[in-house]
There are 4 protein chains.
Amino acid sequence: MTKPLQIGIIGAGRIGAVHATNLATRIAGAEVTAISDIRLEAAQRCARDLGIPEVYDDPEPVLTHPGIDALLICSSTDTHANLVERAAAAGKHIFCEKPIDLDLARVDQVLKAVDRAGVTFMVGFNRRFDHNFRRVRELVQAGAVGTPQLLHIISRDPAPPPAEYVAVSGGIFLDMTIHDFDMARYLMGCEVTELYVEGGVMVDPAIGEAGDIDTALTVLRFENGAIGTIDNSRKAVYGYDQRVEVFGSAGAVRTENDYPNTAIVSDSRSIRTDLPLNFFMDRYTESYVTELNDFVTCIREGTQPPTTGHDGRMAILMGYAARRSYAEHRPVKLDEIAR
Amino acid sequence: MTKPLQIGIIGAGRIGAVHATNLATRIAGAEVTAISDIRLEAAQRCARDLGIPEVYDDPEPVLTHPGIDALLICSSTDTHANLVERAAAAGKHIFCEKPIDLDLARVDQVLKAVDRAGVTFMVGFNRRFDHNFRRVRELVQAGAVGTPQLLHIISRDPAPPPAEYVAVSGGIFLDMTIHDFDMARYLMGCEVTELYVEGGVMVDPAIGEAGDIDTALTVLRFENGAIGTIDNSRKAVYGYDQRVEVFGSAGAVRTENDYPNTAIVSDSRSIRTDLPLNFFMDRYTESYVTELNDFVTCIREGTQPPTTGHDGRMAILMGYAARRSYAEHRPVKLDEIAR
Amino acid sequence: MTKPLQIGIIGAGRIGAVHATNLATRIAGAEVTAISDIRLEAAQRCARDLGIPEVYDDPEPVLTHPGIDALLICSSTDTHANLVERAAAAGKHIFCEKPIDLDLARVDQVLKAVDRAGVTFMVGFNRRFDHNFRRVRELVQAGAVGTPQLLHIISRDPAPPPAEYVAVSGGIFLDMTIHDFDMARYLMGCEVTELYVEGGVMVDPAIGEAGDIDTALTVLRFENGAIGTIDNSRKAVYGYDQRVEVFGSAGAVRTENDYPNTAIVSDSRSIRTDLPLNFFMDRYTESYVTELNDFVTCIREGTQPPTTGHDGRMAILMGYAARRSYAEHRPVKLDEIAR
Amino acid sequence: MTKPLQIGIIGAGRIGAVHATNLATRIAGAEVTAISDIRLEAAQRCARDLGIPEVYDDPEPVLTHPGIDALLICSSTDTHANLVERAAAAGKHIFCEKPIDLDLARVDQVLKAVDRAGVTFMVGFNRRFDHNFRRVRELVQAGAVGTPQLLHIISRDPAPPPAEYVAVSGGIFLDMTIHDFDMARYLMGCEVTELYVEGGVMVDPAIGEAGDIDTALTVLRFENGAIGTIDNSRKAVYGYDQRVEVFGSAGAVRTENDYPNTAIVSDSRSIRTDLPLNFFMDRYTESYVTELNDFVTCIREGTQPPTTGHDGRMAILMGYAARRSYAEHRPVKLDEIAR
């Protein structure tokens, strides 16, 4: 076995800690050399639990660490763009949590910097690595549904975020639907050319007061002529609802939610099961492992990352188009945004 | 038991024969007195099999038959409007297959005639009487999902009709989606105010050459602010696909397809079931019985019919709006049409 | 079309009325000529509703009616044997509800009489005609599971019968399990050679006081070496529970219960459906139609009936063996009984 | 945090490696100090991959290691008894893979030794820690089914072991059914008093030649009067089949298999899913983590282990009874064996 990939992590919050743990315990061929967080104690907790040698309250020493091959950018969204540019300049391979930035022009700058540096750049669309959606993609690619014609994505959160979060989130399309925009492109294997949004504030008036909506129905037109929908709600009382369906000329594939167990209770009132896994940390646990494993593998083997800067950019572009469609109440071509 | 309701049937084709058989064998309180069809032998076959006393190749003697209380209009669409008007003038109660007419202005005339006559008028939206959709409606009305917010209707045929049928059908929205327009209003219990259509020719170029489309995705905005989608395809290779989902503030209800049996086969390749019931005559068999039973009951008991002329008119109005939305590639308010 | 088969019905109770209705409304090629019941009003009600010309409070005129081709014996169990013998003597084809008789020696006499007369004789094991079990049989016969090795039958009633019924029922094995004994032979396509019973009184002490048990687990050994179980309870609070599974060298087939609809409700407590169809009149509605249709067809076409006197006898023989196994707490070979 | 529990592992084969990996990566509060295997390279591989400091080809230094608090006995079955006795003598807490020994008298000696030593002793019935079965147990204990009356366990392997393995396995009851014997006691929360076995060689004649059977149906009688069945086959071509059902006075609970994904494919042939998880290393992955976690916790907190020496002994006792029942073709009381 060759020398393990040396990894630095910037940001030891929820998702940073998940990646650190997975790297330390479940992913072969990589080691975490250093971790930083502006809240030092968060980084220290990770380091202590996982045996990470170096801890900082500043990303600088991690970015420029001579022993580090690759960086995971897990800090807050507003820091992503600068950190990616600096990591690229330092010649590090980069895994960046979504979104790259909320400003599309800034995203373009960042991607240029990454291109110039020639480093591997992967964006954290973890749902692509989920066992269910990956199987749908495989089946679609293998021709199980023939030519894809219709796509449906149901993507509903169990509960809305606090209004203060909503205010800085970039809005539902860049914060929540962004995952589904990527999923749509992933499952159909082609680009979206136009979209149309219906939506409103149905869950929490505070979200409306923060200038956002909490329920959205997005219709997608793909370049191959197929049509898709994304159904988003900030609140499904029965838990995290994550399902897809692809329909085509030779059949259809669809997925159900994941459940904590398969027990079925029959009594004098109903036939029933427990609720689905409640939120993304439970639902997508394994997808985070697979995602990081693929990142490590693509660096070690010199292959293309499964989610690229282009993927990160397209999801943001679609978010822009969705905002405009909702604001102007009309279908919007992606070309209008890209111009 | 009081005297059975005496019923005349105009049109002994597929659906006329179904109603005749159900009335003869499975519905109490009614008898078929006479049946007519311009193809006399079709009417004769029904009459012979079911013991119907009078048979005609002309609707006239049925329309004006002094012993007949109620008429079933099961002839071709282009004859509906005239027959309903004449039946109303003759003081008969009327059950009319959908659509009332493909011309909205003509529909309005017909409904006025029916109103003036004061007879019971019911439109054949048989899916409202289906065990699955009726249960969804009950649950929604009972508050099982709280305030409805999102609706999805999947409605896909197993195979497209012949191009010559398509040419005279009035187009996918008035021929196929019309059922789903009614279903949307039925399940949500409120009116649609606006809709937007994406669609195309994905199944059969001949349908496109006939000036129609075969795949359509319709987004509905309801007056209570809820959003819905209708997914139509003329060809689902696995059979007739008829599912709905209503999502709301307190939960969701959804239905699966109906299957010919519950057998599950496990072998070295897969875990699988047979295909769903293949088309409407199998899938909706029982709904036709319930529908006619309700028609007979509402006449005998003097109650309102479960599907009214207004329901018939609204589905056509929505079809007009859908055509305009598709043609002009923009959301269309129903008000635009009604004006 | 040739002249309809003329049918007489003896017994206008629950099951007699079902058969009469099905013959009158849903089965082609047969007519009910006469119906009798010792409670005359029951026969009269049927006759009036269905237009049956002749009504009697005595089976005699039906048995000897010169215009009648076939008889349905739907009276109480203790009358079956005599009525079948007299019907056979009169040269009528016979459909007899199960069991032929609770006394095995008497069954043998009856079958001899039927054989001598050379008439068609069919026993009412309606579950063979159920859509689910028929599909399992087809799949097993077609080799979908390879060589059958294990069979499981779950057969639980929603509620126990009154203790007074239990006292004259012949016991759980001849009253309830008898259907499952036949199902086991039907699904596996071969004879049972030995069985073993575990059981007890778990539902209602009154059943124990009446000398019966209400819960039984029967293990079957088939002549091809396969093993089966039958799980019987007189009380499943969630409704009628009727499922089977056949496992073999190349796979398995199993069935789920039938439900009144496919609606699935998700709320903050659970994901759930309504209860299954509650009892045999709902669950097996269609099987009664198919069963009688097959009876009419086999007479008209001169083919073998799908359930024979041998089938009726074997189910009773297995009931005897089950009683002995339970009483003596040991496996019992069917040969021991037959001797 | 207090000092981690120091653990020694004896046996670095498949299951030893699983426990070592789980302890190293997914279980807090414990560290693996040493690992031994008579095939040194197996122990070395584990040690290298997981950073275990000490490696031996002899259990001796692990058994007597002064720094070790607890031992995992993961070596071959014939070594368990001696190793447990010596570990107990050395005052170590013990986790022992099932079975403790194939000889019941020897098991009794071992349990006495453990008792005298006063150490924690846990037997590796990992299925008790499975998400599905644990949920059934919880529901049964919580009264969801009322008084349990009937139990069914389906437990089928995807493929038979080699005949040479069968020859030394102790036979199907001590090798395979032993897990289900424990599951039966776990789910019902009470002891078995009697059992009856039907079985045979249906899968592989070589198994019969080795003196064993490959298909078994075991009927259990519980001390509370309930009845259960265990369905075992050495070969289910569709994969590992592990399902249970508990039926009682107030309802039923049952589980389905676990699947690699929830994708459902519909095409012109069938509606289908992928096969279930294929064998125990995939199906029970998480149960091994939970099991060891519970072992560590019960030592650290001084609580009773969830699976005791009594549990280990009872499963073997039931295996003896099953062998006798099959050999003598009669129900066998567990008392007969215990005497």
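All figures in this text were calculated on a predicted structure; none of them were measured in a lab.

A. Main features of the interface of chain C and chain D. At the junction of the two partners, chain C supplies 38 residues and chain D supplies 38 residues. Between chain C and chain D lies a buried interface of about 3,000 Å² when both sides are counted; carbon and sulfur atoms form 58% of it. Considering only the surface of chain C that becomes buried against chain D, Glu198, Met202 and Phe247 of chain C emerge as the three largest contributors, covering 17% of it. Seen at the junction of chain C and chain D, the total is eight salt bridges. Residue Arg243 of chain C is joined to Glu245 of chain D by a salt bridge in which the shortest nitrogen-to-oxygen separation is 2.9 Å. On the surface where chain C and chain D come into contact, there are 16 residue pairs in polar contact (both at pLDDT 80 or more). Across the side of chain C that touches chain D, the residue classes tally to 15 nonpolar, 11 polar and 12 charged.

B. View of helix 11 (residues 285-301) of chain C. Helix length check: helix 11 of chain C, at 17 residues, gives a terminal C-alpha distance of 25 Å against a target of 24 Å (1.5 Å per residue), a fit within 8%. Downstream of helix 11 of chain C by one or two residues, Gly302 of chain C has phi in the positive range, about 70°.

C. Quick look at the environment of Glu60 of chain A. With respect to the helices, strands and loops of the structure, Glu60 of chain A is situated in helix 3 (residues 60-63). Here the alpha-carbon distance between Glu60 of chain A and Thr308 of chain A, two residues 248 residues apart in the chain, equals 25 Å.

D. The sheet that holds strand 5 (residues 93-97) of chain A, seen in detail. Residue and element names in this part refer to chain A. Ordered by their spatial adjacency, six strands build an open sheet running 3-2-1-4-5-6, and the pairing between neighbours is parallel. Edge positions in the open sheet fall to strand 3 (54-56) and strand 6 (121-124), since each of these has one partner strand only. In this sheet, neighbouring strand axes are inclined to one another by 20° on average, regardless of whether the strands run parallel or antiparallel. Relative to strand 4 (residues 70-73), strand 1 (residues 5-10) is paired through four bridges, and the arrangement is parallel. Across the sheet, the residue bridging to Gly8 is Leu71, located in strand 4.

E. Up close: the relation of the copies chain C and chain D. For the pair chain C and chain D, the superposition axis carries a translation of 0.0 Å, the fit reaches an RMSD of 0.0 Å, and the rotation angle comes to 180°. Within this description, the copies of the chain are treated as partners about a two-fold rotation axis. Residue Arg330 of chain C of chain C places its C-alpha closer to the rotation axis than any other residue of that unit, at 3.0 Å. In this assembly, 100% of the residues forming the interface of chain C have copies in chain D that are likewise at the interface, indicating an isologous arrangement.

F. Broad picture of the relation of the copies chain B and chain C. For the pair chain B and chain C, the best superposition has an RMSD of 0.0 Å and corresponds to a rotation of 180° with a translation of 0.0 Å parallel to the axis. Looking at chain B, 100% of its interface residues are interface residues in chain C too, so the copies touch through the same face.

G. Up close: the sheet that holds strand 6 (residues 121-124) of chain B. Residues and elements named next belong to chain B. Spatially, the six strands line up as an open sheet ordered 3-2-1-4-5-6, and their pairing is parallel. Only two strands of the sheet have a single neighbouring strand rather than two, namely strand 3 (54-56) and strand 6. Strand-to-strand twist of the sheet, defined as the mean angle between neighbouring strand axes without regard to direction, takes the value 20°. Bridging between strand 2 (residues 30-36) and strand 3 involves three bridges; their strand directions are parallel. Paired with Ala34 across the strands is Glu54, a residue of strand 3. Across the sheet, helix 4 (residues 77-89) touches strand 1 (5-10), strand 4 (70-73), strand 5 (93-97) and strand 6, and the angle it forms with strand 5 is around 170°.

Calculation rules
- Residues numbered from 1 in each chain as written.
- Chains lettered and ligands numbered in written order.
- Predicted model: local features only at pLDDT ≥ 70, side-chain atom pairs only at ≥ 80, totals over all residues.
- Heavy atoms only, no water.
- Contact = heavy atoms within 4.5 Å.
- Buried area = accessible area lost by both parts, 1.4 Å probe.
- Salt bridge = Lys/Arg side-chain N within 4 Å of Asp/Glu carboxyl O.
- Polar contact = N/O pair within 3.5 Å; in protein donor to acceptor, adjacent residues only side chain to side chain.
- Nonpolar A, V, L, I, M, F, W, Y, C, P; charged D, E, K, R; others polar.
- Helix = DSSP H or I, 4+ residues; strand = E, 2+ residues; numbered from the N terminus.
- Expected span 1.5 Å × (residues − 1).
- Pairing = 2+ DSSP bridges.
- Axes fitted to C-alpha atoms, helices over the stretch in contact; angles between N-to-C directions.
- Least-squares fit on C-alpha atoms with pLDDT ≥ 70 in both.

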